[in-house]
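# Tertiary structure, described
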Amino acid sequence: MKIDNHMKLEFAGIPENVSFARLVVVTFASQLDFTLDDLEEIKVAISEAVSNAIIHGYQNQPGGLVWIESSIRENCLEVVIKDEGVGISNIEQAMQPAFTTCQDRMGLGFSFMQSFMDEIEVQSVVNGGTRIRLCKSIKNLDHDANMEH
């Protein structure tokens, strides 16, 4: 499959960079014909993934890096968020709604990512980091246009 566009981003794993990451990815995604609602959903998913890397992966300790790679393939946006933090020992448990390792968190990050994106894939190694792959497709524009006639 041909990649139409690609970008890589590396930044410090600190809370101040969550909005920066969200803005960069949604600006990149805006090359596709996503609706405003789709772009808002992408923003939330990216915010949650990057926040997880900072809060859980690096346990809010400065010094870690977060990497984002994003590709546009045909009518699909793929975003990969990686960290080298503590990792997730039980991915299935971590993806359950309301599960959290921090008392002051709601544990809905993965739930938001799952509901707002078309695909989510999580890989993690304890003390080796986490990789989250998110994909969002544009709704079939031809199908939508035919529905209006």
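A word on the side chain of K136. Here K136 lies in strand β5 (residues 129-137). If we ignore the near neighbours within four places in the chain, the residues touching K136 are F34, D38, E41, I42, N75, C76, L77, F116, M117 and D118.

Our focus in this paragraph is the packing of aromatic side chains. Summed over all chains, the structure comprises one aromatic pair. Considering the side-chain rings of F11 and F20, the 6.2 Å spacing of their centres and the 90° angle between planes classify their relative orientation as edge-to-face. Using a relative accessible area of 37% as the deciding quantity, one classes F20 as partly exposed.

For the rest of this paragraph, the subject is the side chain of S70. Checked against the element boundaries, S70 lands in strand β2 (residues 65-73). Excluding its chain neighbours within four sequence positions, the residues that come into contact with S70 are N5, H6, M7, F28, L77, E78 and V79.

Scoring rules and cut-offs
- Residues numbered from 1 in each chain as written.
- Predicted model: local features only at pLDDT ≥ 70, side-chain atom pairs only at ≥ 80, totals over all residues.
- Heavy atoms only, no water.
- Helix = DSSP H or I, 4+ residues; strand = E, 2+ residues; numbered from the N terminus.
- Contact = heavy atoms within 4.5 Å.
- Phe/Tyr/Trp six-rings, centres within 6.5 Å; stacked < 30°, edge-to-face > 60°.
- Buried < 20%, exposed > 50% of the residue type's maximum accessible area, 1.4 Å probe, protein only.

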